[in-house]
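Structural overview for review
These are the residues of each chain, in order.
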Amino acid sequence: CSFYNIGMSCAAILYEIYWGESGVTENLEVSRNLFDHTGYFRNTDHYAPIAIEGLGSRVDEDYLLYKNILITDNVIRNRTTDYAVYVNSAKGVVIRNNDFGTVNEIGNHFKTDIHLNGAMNIEISDNMYSDPTATRTEAIRGEHIRNIYGTDVMVNGKSLLPDAE
């Protein structure tokens, strides 16, 4: 699918409590999409082109209800949000082989492409990042995390994003 000029998130994987339009998501695949010029209504986490947002940020199996979500082979261009992918209250997420665009497509300069907050067992591998000068710890931000692994974050068998409650 191709998503052009979307003011909010393109793939909003969240529990929408106000209207009751959705529930907790598991076993989902977001793959082979083009997201171009997104999130321009507001620069918040849940307006990221791909946003998983649950009900908290505790790193505890009982609180991470969003699970088994595959985010692969997507192209994200011209985003107006700080992050291309936001993961909150989730476990078992794979973020692989995505292209997060380039930094100056519409005048924005973002170093961080992935924001993890309340997440565990997350694989991050083989992605192309928007700022080639950014370190992996600048390109991937994590808080309240456990077991973040993959080719993008592992050096000498250790994760660049250590467990942090």
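The structure this text deals with has already been given above.
Let me begin by describing the structure that accompanies this report.

The strands that make up a sheet are held in pairs by hydrogen bonds between backbone atoms, and each pair lies either parallel or antiparallel. The strand order across the open sheet formed by three strands is β1-β4-β7, and the pairing between neighbours is parallel. In this open sheet, the two edge strands, each paired with only one partner strand, are β1 (2–6) and β7 (75–77). Averaged over all pairs of adjacent strands, the angle between their axes in this sheet comes to 10 degrees, without regard to strand direction. Two strands pair when backbone bridges link them, and β1 and strand β4 (residues 34–38) are joined in this way by four bridges, in the parallel orientation. Along β4, the bridge assignment pairs Phe 3 with Phe 35.

Here we take up unusual backbone geometry. At Asp 73, a position not held by glycine, the phi torsion is positive, near 55 degrees. Mapped onto the elements of the fold, Asp 73 is located in the loop between β6 (66–72) and β7. The exposure class assigned to Asp 73 is partly exposed, which follows from its relative accessible area of 34%. If you check the backbone angles, Asp 126 has positive phi at about 60 degrees while not being a glycine.

Mapping Asp 113 onto the fold places it in the loop between β8 (85–96) and β9 (114–125). For Asp 113, a relative accessible area of 0% gives the class buried. Within the structure, Asp 113 has its side chain in polar contact with the side chain of Ser 130 (distance 2.8 Å). If sequence neighbours within four positions are ignored, Asp 113 has contacts with Arg 79, Tyr 83, Ala 84, Val 85, Phe 100, Tyr 129, Ser 130 and Ala 139.

The tally for this structure, following the rule as stated, stands at eight salt bridges. The salt bridge partner of Arg 32 is Glu 29, with a shortest N-O separation of 3.7 Å. Looking at Arg 32, the relative accessible area reads 58%, which means it is exposed. Under the relative-accessibility criterion, Glu 29 is labelled partly exposed at 47%. Between Glu 61 and Lys 91 there is a salt bridge, with its nearest N and O atoms 2.7 Å apart. On the criterion of sequence distance, the pair formed by Glu 61 in the loop between β5 (50–53) and β6 and Lys 91 in strand β8 is long-range, its members being 30 residues apart. By relative accessible area, which is 13% here, Lys 91 ends up buried.

Definitions and limits used
By convention here, each chain's residues receive numbers from 1 onward along its written sequence. Predicted model: local features are reported for residues with pLDDT of at least 70 only, side-chain atom pairs are reported and counted for 80 or more only, and whole-chain, interface and lining totals are derived from all residues. Side-chain numbers come from the whole structure's heavy atoms, not from hydrogens or water. In this scheme, strands are said to pair when DSSP sees at least two bridges between them. Secondary structure elements are taken from DSSP: a helix is a run of H or I of four residues or more, a strand is a run of E of two residues or more, and numbering for both begins at the N terminus. Inter-axis angles, ranging from 0 to 180 degrees, are taken between N-to-C directions of lines fitted to C-alpha atoms, where helices are fitted over the stretch in contact. Burial classes: relative accessible area under 20% of the type maximum marks a residue as buried, over 50% as exposed, and values in between as partly exposed (1.4 Å probe, protein chains only). As used in this structure description, the phrase polar contact means that two N or O atoms lie within 3.5 Å; if the pair is within protein, one of them must be able to donate a hydrogen and the other to accept it, and residues adjacent in sequence are counted only when both atoms belong to side chains. The contact definition used throughout considers only heavy atoms, calling two residues in contact when any of these lie within 4.5 Å. Think of a salt bridge as a Lys or Arg side-chain nitrogen and an Asp or Glu carboxyl oxygen that are within 4 Å of each other.

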